[in-house]
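# Understanding the architecture of this molecule
Residues per chain, in single letters:
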Amino acid sequence: MQITPMIWIITIAVTILFFVYEFFAHVRKPHEPTIAESARWSAFYIGLALLFGVGIGTVSGWNFGSEYFAGYLTEKALSIDNLFVFLIVMTGFAVPKMYQQKVLMVGIIIALILRGGFIAIGAGLIENFSWIFYIFGALLLFLAYKQAFGGHDSNPADGKFMQLVRRILPVTDEYHEDKLTVKKGGTRFVTPMLLTIIAIGFVDLIFAVDSIPAIYGLTNEAYIVFTANAFALMGLRQLFFLIGGLLERLVYLAQGLAVILAFIGVKLVFHALHVNELSFINGGQPLLWVPEIPIWFSLLFIGATITVATVASLLKTRGDTQKNDRGSVHGDPVVAAESNADQTPVQADGIDSKLDARK
């Protein structure tokens, strides 16, 4: 895939312009977006991402097009997982709804910058050290395990990192509109709004650790890695307000992502063995009998996994709701209690474990 410096410059410039437009058109004036507004812009950005993938396939060949779509699906799923933790952060800091757009916008921009840095580092490592695929593969397998079996005791608003920040910075207890700092009695204080943004940035850093190795397991093209990440993050703010309470219903998303990360981890290890240069493995010779998982299979597997996890989640929460309703209608305290007991860990699995799964 031939990407000239000019194409890179144009792509990055257009990406920046999109986010600048987002800020001035939607975020600068604090408000809570309507469902209709969120739906329109979510559809626009998803449509734009799909159209871009068709363009890559038409111009550069459908092998690269398939790599883009597989990467976009993976990064979109991981980005939705980000929203779980963003929700925890904003709930922990009690961010007023009219200011949540600004927090999300800043968080998404930080995520894009961090991922851009990781993409550049990853591209350099892959170009010079083929054995890095072993490390990426092992990292993804470890993260898949943590994603599936992580604990439930994380809250970024009260975590050790934010406790350290509070000890270093003078903090006010109340919001002052959407200001990041405020002067009181001659002393400059930071507001909870700034603390929220710092927490979001810390979360973005953690999420970039599994995001970039995951997509490099699907393509070696840095341009595809960057554009898939950029499009996955575009419209994420609107998606947050569109799906709203649906986030808490995606109780099996963590397990679905764990399956995807594990699959890509295995794919990376297979690829590392196929291009092996390590002297202590097969005398430094590639293991050509090791299969290379084709990109079309990766695309189908990722799409099917996301679909199954989503449908299973909605069926599970729908069944819990119906069970709870039946218990309430018939006045059966045992049924109601059992249903409530069932739903408590569902919400913990769906939200509280997201950040801890990556530590």
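Residues numbered from 1 in each chain as written. Predicted model: local features only at pLDDT ≥ 70, side-chain atom pairs only at ≥ 80, totals over all residues. Heavy atoms only, no water.

## Points about the overall build of the protein
A count of helical and extended segments in the protein gives 13 helices and 2 strands. By the burial criterion, 48% of the 359 residues in the protein qualify as buried. When the accessible area of the protein is evaluated, it comes to approximately 16,800 Å², of which 67% is carbon and sulfur surface. (Helix = DSSP H or I, 4+ residues; strand = E, 2+ residues; numbered from the N terminus. Buried < 20%, exposed > 50% of the residue type's maximum accessible area, 1.4 Å probe, protein only. Areas by Shrake-Rupley, 256 points an atom, 1.4 Å probe, with all protein chains shown as cover.)

## Considerations on the packing of helix α3 (residues 62-92) against helix α4 (residues 97-128)
In a packed pair of helices, the relevant descriptors are the angle between the two axes and the axis-to-axis distance. Interhelical geometry of α3 versus α4 gives an angle of 135 degrees and a closest axis separation of 12 Å. Viewed along their axes, α3 and α4 adopt a mutual orientation that is oblique. Seen along the crossing, α3 lies across α4 with a hand that is right-handed. Of the residues in α4, those in contact with Glu75, Ser79, Asn82, Phe86 and Met90 of α3 are Gln100, Val103, Leu104 and Arg115. (Axes fitted to C-alpha atoms, helices over the stretch in contact; angles between N-to-C directions. Parallel < 35°, antiparallel > 145°, perpendicular 65-115°, else oblique. Left-handed = near helix turned anticlockwise from the far one by under 90°. Contact = heavy atoms within 4.5 Å.)

## A look at the packing of aromatic side chains
Within the structure shown, the criterion is met by 18 aromatic pairs. Three or more aromatic residues joined by ring pairs form one cluster here, namely Trp8, Phe52, Tyr68, Phe69, Tyr72, Tyr223, Phe226 and Phe231. Between the NZ or CZ atom of Lys184 and the centre of the ring of Phe189, over which it lies, the distance is 5.9 Å. (Phe/Tyr/Trp six-rings, centres within 6.5 Å; stacked < 30°, edge-to-face > 60°. Lys NZ or Arg CZ within 6 Å of the ring centre and 35° of its normal.)

## Notes on the pairing of strand β1 (residues 181-184)
As paired strands, β1 and strand β2 (residues 187-190) are joined by 4 bridges and run antiparallel to one another. Bridging across to β2, Lys184 finds its partner in Thr187. Count of turn residues in the β1/β2 antiparallel hairpin: 2 residues, of which Gly185 carries a positive phi of about 60 degrees. (Pairing = 2+ DSSP bridges.)

## A closer look at the side chain of Glu22
Mapped onto the secondary structure, Glu22 falls in helix α1 (residues 5-27). Note on Glu22: relative accessible area 4%, which makes it buried. Among the polar contacts made by the side chain of Glu22, one reaches the side chain of Arg237 at a distance of 2.8 Å. (Polar contact = N/O pair within 3.5 Å; in protein donor to acceptor, adjacent residues only side chain to side chain.)

## Let's talk about the packing of helix α2 (residues 35-60) against α3
Orientation of α2 relative to α3, taken along the N-to-C sense of each, is 155 degrees, at an axis distance of 6 Å. With respect to their mutual orientation, α2 and α3 come out roughly antiparallel. At the point where α2 passes α3, the crossing takes the right-handed sense. Across the interface between the two elements, Ile46, Ala49, Leu50, Phe52, Gly53, Val54, Ile56, Gly57, Thr58 and Ser60 of α2 pack against Trp62, Phe64, Gly65, Tyr68, Phe69 and Tyr72 of α3. Residues of the contact of α2 with α3, tallied by class, amount to 11 nonpolar, 5 polar and no charged. (Nonpolar A, V, L, I, M, F, W, Y, C, P; charged D, E, K, R; others polar.)

## Points about α2
Between its first and last C-alpha, α2 extends 37 Å over 26 residues, near the 38 Å set by a 1.5 Å rise per residue. After α2 finishes, the residue Gly61 shows a positive phi value of roughly 110 degrees. (Expected span 1.5 Å × (residues − 1).)

## With respect to the environment of Thr11
Following the sequence through the fold, Thr11 ends up in helix α1. C-alpha separation for the pair Thr11 and Tyr223, spaced 212 residues apart in sequence, amounts to 9.2 Å. Not counting residues within four places of it along the chain, the set of residues in contact with Thr11 comprises Tyr223, Phe226 and Thr227. At a separation of 2.7 Å, a polar atom in the side chain of Thr11 contacts the side chain of Tyr223.

## What to know about the nonpolar core
Judged by nonpolar contacts, the single largest core of 83 residues is most densely connected at Tyr68, Tyr216 and Ile264. Among the elements that make up this core, the one with the highest residue count is α3 (15 residues). In this structure Tyr216 touches Ile119, Gly122, Ala123, Ile126, Phe133, Phe136, Ala222, Val225 and Leu268, once residues within four positions along its chain are discounted. (Core = buried A, V, L, I, M, F, W, Y, C linked by side-chain atoms within 4.5 Å.)

## Comments concerning the pattern of salt bridges
Per the counting criterion, the structure on display carries 3 salt bridges. We note a salt bridge from Arg115 to Glu75, for which the minimum N-O separation is 3.2 Å. Of this pair, Arg115 sits in helix α4 while Glu75 sits in helix α3, placing them 40 residues apart in sequence. Assessed through its relative accessible area of 2%, Arg115 is described here as buried. A relative accessible area of 0% places Glu75 in the buried class. One salt bridge connects Lys184 with Glu174, and the closest N-O pair in it is separated by 3.1 Å. (Salt bridge = Lys/Arg side-chain N within 4 Å of Asp/Glu carboxyl O.)

## Observations concerning the confidence of the model for the protein
Per-chain confidence: the protein averages 80 in pLDDT, with 85% of residues scoring 70 or above. Confidence, read as mean pLDDT per element, is least for helix α13 (residues 333-356) in the protein (44) and greatest for helix α8 (residues 222-233) (91). This stretch, residues 334-354, has a pLDDT under 50; its non-local contacts, to residues over four places away or in other chains, come to 43 contacts. (pLDDT = per-residue confidence, 0-100.)

## Remarks on a nonpolar patch on the surface
Residues Met6, Ile9, Ile10 and Val14 make up a contiguous nonpolar surface patch of about 370 Å² in total accessible area. Here Ile10 is to be found in helix α1. (Patch = residues over 30% accessible without salt bridge, like charges linked within 9 Å, V, L, I, M, F, W, Y side chains within 5 Å.)

## A closer look at the side chain of Thr15
Relative to the helices and strands, Thr15 resides in helix α1. According to the relative accessible area criterion, Thr15 is buried, its value standing at 6%. The contacts of Thr15, once residues within four sequence positions are left out, are Leu112, Phe226, Ala230 and Met234.

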